[in-house]
Amino acid sequence: TGENLLSALRTDHAHVEERVKSAILLQCRLFKDIPPHEIAELSSCSSLATFKKGASLFHDGDAADFFYAVQDGLVKVFKSTPTGKHLTFTVAGPGDTLNATAITVGSYYMSAYALNDVTVIKIGKKPYLAFLAKHPDVAVQLVTMLAKRLNRECDRVVNLLGGNIGHCGAGN
């Protein structure tokens, strides 16, 4: 019947979407060593979202309710100065994650907007934190990524200041 066919199509669409979300997560460096069946567990708690060119994904100071991974498109991640200038920290593309740490702090410390049409996978705060608790290897990978980013940003500051800086980074 027509209802059975419609139901079958919905089921098939949901199955395809789950495979797409898992594939997006498997592209991310943060999840690269996680077995596919565990990624499927995380993707089941996620949804796909699209943003048109120029749309904001989140603003500095907003509650960090979601973790994002870019499937398609480019996202500018930036901090605004008091004078309104945008300082770009990165342009995220497919396989990159956004705000992997802000979600643990509670609010976004940067803003992000779509440089072109963007598709992301988004995961709510509770399922994301539960996944990190269940997979400490992912949490360690996250810390490693953050340490590398801190080193890069420290080098950027030193280069901007022309090397006239004592120490950079915590504990150095």
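Look a little higher up for the structure.
So, here is what we can say about the structure in this document. Keep in mind that this is a model prediction, so the values were computed, not measured.

A closer look at the sheet that holds strand β3 (residues 66-72)
Phase 1 of the analysis: Read across the open sheet, the 4 strands follow the order β1-β8-β3-β6; overall the sheet is antiparallel. The open sheet has two free edges, formed respectively by β1 (46-51) and β6 (97-98), since each of these has just one partner strand.
Phase 2 of the analysis: Relative to strand β8 (residues 118-124), β1 is paired through 6 bridges, and the arrangement is antiparallel. Within β8, the position partnered with Ala49 by the bridge is Val120.

A look at the sheet that holds strand β7 (residues 111-114)
Phase 1 of the analysis: Pairing in this open sheet of 4 strands is antiparallel, and the strands run β2-β7-β4-β5 from one edge to the other. Of all strands in the sheet, those with a lone pairing partner are β2 (56-58) and β5 (86-92), marking the two edges. This sheet shows a mean twist of 30° between the axes of neighbouring strands, independent of strand direction.

Let's talk about the environment of Phe51
Phase 1 of the analysis: With respect to the helices and strands, the residue Phe51 is situated in strand β1.
Phase 2 of the analysis: As for Phe51 and Gly73, which are separated by 22 residues in sequence, their C-alpha atoms are 9.4 Å apart.
Phase 3 of the analysis: Contacts of Phe51, omitting those with residues within four sequence positions, involve Ser56, Leu57, Ala114, Asn116, Asp117, Val118 and Val120.

Considering the environment of Pro36
Phase 1 of the analysis: Position of Pro36 relative to the elements: it lies in helix α2 (residues 36-43).
Phase 2 of the analysis: For Pro36, a relative accessible area of 55% gives the class exposed.
Phase 3 of the analysis: Sequence separation between Pro36 and Leu25 is 11 residues, and the spatial gap between their C-alpha atoms is 9.5 Å.

Things to note about the pairing of β7
Phase 1 of the analysis: In this structure, β2 lies alongside β7, joined through 2 bridges in antiparallel fashion. Bridged to Phe58 within β7 is Ala112.
Phase 2 of the analysis: The pairing of strand β4 (residues 75-80) with β7 spans 4 bridges and is classified as antiparallel. What sits directly across from Phe78, in β7, is Ser111.

Re the nonpolar core
Phase 1 of the analysis: Ranked by internal contacts, the top residues of the largest apolar core, which has 20 residues, are Leu25, Leu30, Phe31, Phe67, Tyr128 and Val138.
Phase 2 of the analysis: Breaking this core down by element, the ones donating at least two residues are α1 (2-27), α2, β3, β8, α4 (125-134) and α5 (136-160).
Phase 3 of the analysis: Filtering out sequence-adjacent residues up to four positions away, Val138 remains in contact with Leu30, Phe31, Ile34, Phe131 and Leu132.
Phase 4 of the analysis: Judged by nonpolar contacts, the second largest core, of 18 residues, contains Phe51, Val70, Leu98 and Ala102.

What counts and what doesn't
Residues numbered from 1 in each chain as written. Predicted model: local features only at pLDDT ≥ 70, side-chain atom pairs only at ≥ 80, totals over all residues. Heavy atoms only, no water. Pairing = 2+ DSSP bridges. Helix = DSSP H or I, 4+ residues; strand = E, 2+ residues; numbered from the N terminus. Axes fitted to C-alpha atoms, helices over the stretch in contact; angles between N-to-C directions. Contact = heavy atoms within 4.5 Å. Buried < 20%, exposed > 50% of the residue type's maximum accessible area, 1.4 Å probe, protein only. Core = buried A, V, L, I, M, F, W, Y, C linked by side-chain atoms within 4.5 Å.

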